[in-house]
Amino acid sequence: MTYAITQTCCNDATCVAVCPVNCIHPTPEERAFGSTEMLHIDPRACIDCGACADACPVDAIFPVDSLSAGQREYADINAAYYEGAEPLAAEVDGPNFHAWGEPVFERSLPSDFGPLRVAVVGTGPAGMYAAQDLLLHTAAEVTLIDRLPVAGGLVRYGVAPDHPATKKVGDTFSRFHSHPRVRMHLGIEVGRDVTAEELSAHHDAVIYAVGASTDKRLGVPGEDSPGCVSATSFVAWYNAHPEAVAQGVDLSAERVVVVGNGNVALDVARILVADPEALAATDIAAHALDALRASRVREVVVLGRRGPGDAAYTRSELLALKHVPGVELVVDDHDPRTAAAIDAAGAGGRAGVLKGLARVRTDAASPTGGERRIVLRFHSEVVEIRGEGDGVNSVRVTDGGGDGDGGGTADLAAGLLLRAIGYRGLPVPGLPFDEISGTVPHEGGRVAGVPGSYVVGWIKRGPSGGIGANRTCAAETVGTLLADAVAGTLPAPTGDAKGFRRLARQRNRRVVDARGLAAIDRAERDRGRRDGRPRVKLATVEELVATARSGRLLRLGR
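Source: prediction; values computed, not measured. (Residues numbered from 1 in each chain as written. Predicted model: local features only at pLDDT ≥ 70, side-chain atom pairs only at ≥ 80, totals over all residues. Heavy atoms only, no water.)

Draft legend 1. Examining helix H17 (residues 469–487) more closely. The terminal C-alpha atoms of H17, which comprises 19 residues, lie 28 Å apart, in line with the 27 Å expected from a rise of 1.5 Å per residue. A positive backbone phi angle near 75 degrees is found at glycine 488, which sits one or two residues after H17. (Helix = DSSP H or I, 4+ residues; strand = E, 2+ residues; numbered from the N terminus. Expected span 1.5 Å × (residues − 1).)

What follows is the structure in structure tokens.
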């Protein structure tokens with residue numbers, strides 16, 4: 001029996017580090033690492049030790065003979081990655097099954113290297129991988145800062161609620177929240193409560209992990225209609241983000257159009273037509289669950305500007321979409337190029353996954369009744385969003401018209417349009433910003449022209465890569481920071497940790513610390529137990545702060 005890596009692979013390579021026989025590839029040292037959608041276990045070399053499964057932070061690794069029906073194809077996917085490849089040569093004079101490269105030590109700290117005081121702005125995966133690196137490999141003291149009164153970032157507010165295994169990476173990060181060398185200040189926003197200069201004045205270095213919190217626009221007429229919503233906002237709404245609770249989403253129409261075909265587009269499409277009772281077993285926002293129970297949506301049309309072979313979603317997310325209970329996945333064949341690409345595709349490509357799916361023509365009118373379905377429509381762009389009053393009535397899209405020239409247009413009746421064409425970073429007050437890429441200019445993570453300031457994650461490299469990609473990204477940034485510290489180029493802080501704590505509480509009386517965060521976690525889990533759910537999230541800043549404060553006072557015996 002061997003193990004296989006499945007859909008929720010996060011690519012952070014923790015499994016690679018613990019494998020005793022080097023059977024998981026690509027490794028961080030290999031060129032393909034970061035460009036493949038997931039890691040793969042070589043069934044010819046796996047010795048069934050289970051070390052990788054124990055180490056996996058997102059429960060993505062299982063014995064092949066225990067895979068569910070929807071996961072069995074991953075055994076073939078893992079094996080196919082190694083087809084045609086020669087097994088690594090065995091070590092003749094040693095106990096190892098595979099040859100290993102020479103050990104590499106990329107960092108070398110002097111024996112008298114003292115503890116640094118580092119602030120990390122942002123508590124999502126990028127920030128927490130950086131904090132983890134510092135805490136595990138140096139004697140650094142880390143100040144965790146987030147503009148929201150609760151930690152988690154993308155894990156809490158970006159991962160779809162029906163992907164609970166992916167959310168488990170948050171457990172790995174949360175063990176550092178109460179680390180003895182960590183101080184937490186949640187609810188503090190750089191540029192509003194404190195300046196970048198004040199933050200730097202109290203720390204040896206500052207790492208900004210603020211992500212890409214806004215979205216790209218379509219640039220078509222009608223985009224500002226109330227019925228045109230960014231997928232960023234929609235994801236935040238169903239994940240109980242405090243800034244998205246009040247907006248609400250109108251789900252009274254039977255058809256929704258989603259523009260874009262990355263993983264986020266598939267997430268929102270799946271949530272829109274999933275069985276609400278299945279979602280009731282997740283941590284989806286209570287207000288979103290109520291809205292989905294009352295929803296009239298029967299069909300989601302996902303528009304892709306290019307063909308099925310060029311889609312931005314990962315193959316594993318598309319495979320999962322084929323197994324959503326009660327939801328039919330079909331392909332719109334309005335353009336002959338779509339069918340030709342699918343028919344010619346190999347089994348290992350994205351287009352190949354679409355073989356065997358029904359091919360339909362999306363009618364102009366909304367569907368009525370029948371099975372819920374997701375329609376993948378390729379070679380199609382939005383031309384105009386039409387509506388009257390407070391909503392969207394129809395979406396005009398390009399249509400191949402049967403001749404493949406893409407010159408025609410078609411009007412699709414729809415009551416809601418979600419744009420999911422990419423995320424974009426916002427400027428950080430006090431730091432340089434590249435308006436074209438939506439990132440902070442840097443060299444290996446070092447912010448250009450601002451000594452002692454660093455970036456990691458999407459604000460560093462743009463909105464690319466999943467959760468695990470932040471681990472190698474953080475390693476580079478932390479390595480640059482430590483090299484600067486050894487070289488003596490970090491500016492000397494003029495304040496200390498106690499001074500910053502006083503400053504933060506003077507500027508914002510509602511700051512949440514580690515004990516307050518623990519109180520929020522307990523309260524949400526308690527609410528979840530009463531409802532048979534993993535947790536019920538507190539959905540407003542007021543609820544979060546009040547719960548943090550009451551829990552803290554209770555622990556202090558007041």
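Draft legend 2. Representation of the sheet that holds strand S18 (residues 408–413) within the structure. One open sheet holds the three strands; their spatial order is S16-S17-S18, and the pairing between them is antiparallel. Bordering the open sheet on either side are strand S16 (382–386) and S18, each of which pairs with just one other strand. Taken pair by pair, the neighbouring strands of this sheet meet at an average axis angle of 20 degrees, ignoring direction. Pairing geometry for strand S17 (residues 394–399) and S18, over six bridges, is antiparallel. Considered in S18, the bridge of serine 394 is made with alanine 413. (Pairing = 2+ DSSP bridges. Axes fitted to C-alpha atoms, helices over the stretch in contact; angles between N-to-C directions.)

Draft legend 3. Summary view of the environment of glycine 516. Topologically, glycine 516 is positioned in helix H19 (residues 514–531). A relative accessible area of 2% means that glycine 516 is categorised as buried. C-alpha separation for the pair glycine 516 and leucine 544, spaced 28 residues apart in sequence, amounts to 9.0 Å. (Buried < 20%, exposed > 50% of the residue type's maximum accessible area, 1.4 Å probe, protein only.)

Draft legend 4. Layout of a positive patch on the surface. The grouping of Arg183, Lys498, Arg501 and Arg502 at the surface amounts to a positive patch. For the positive patch, the element with the most residues is helix H18 (residues 497–507), which contributes three residues. Within the fold, arginine 183 resides in strand S7 (residues 182–186). (Patch = residues over 30% accessible without salt bridge, like charges linked within 9 Å, V, L, I, M, F, W, Y side chains within 5 Å. Areas by Shrake-Rupley, 256 points an atom, 1.4 Å probe, with all protein chains shown as cover. Salt bridge = Lys/Arg side-chain N within 4 Å of Asp/Glu carboxyl O. Lys, Arg positive; Asp, Glu negative; His and termini not counted. Charge placed at Lys NZ, Arg CZ, Asp CG, Glu CD.)

Draft legend 5. Molecular detail of the side chain of histidine 40. Relative to the helices and strands, histidine 40 is located in strand S3 (residues 40–41). Sequence-distant contacts of histidine 40, that is, excluding residues within four places in its chain, are made with Ile5, Cys23, Ile24, His25, Pro26, Ile77, Asn78, Tyr81 and Tyr82. (Contact = heavy atoms within 4.5 Å.)

Draft legend 6. The arrangement of the pattern of salt bridges in detail. Going through the model one piece at a time under the given rule, you end up with 37 salt bridges. Of the charged contacts, one joins arginine 107 and aspartate 133 as a salt bridge, the two residues approaching to 2.8 Å between their closest N and O atoms. Here the residue arginine 107 occupies a position in the loop between helix H3 (73–81) and strand S5 (117–121), and aspartate 133 occupies one in helix H4 (residues 125–137), the gap between them amounting to 26 residues. Classification of aspartate 133 by relative accessible area gives buried; the value is 10%. Close ionic contact of aspartate 224 with arginine 217 constitutes a salt bridge, the shortest N to O distance being 2.7 Å. Counted as one network, the salt bridges with shared partners bring together Arg156, Asp521, Glu524, Arg525 and Arg535.

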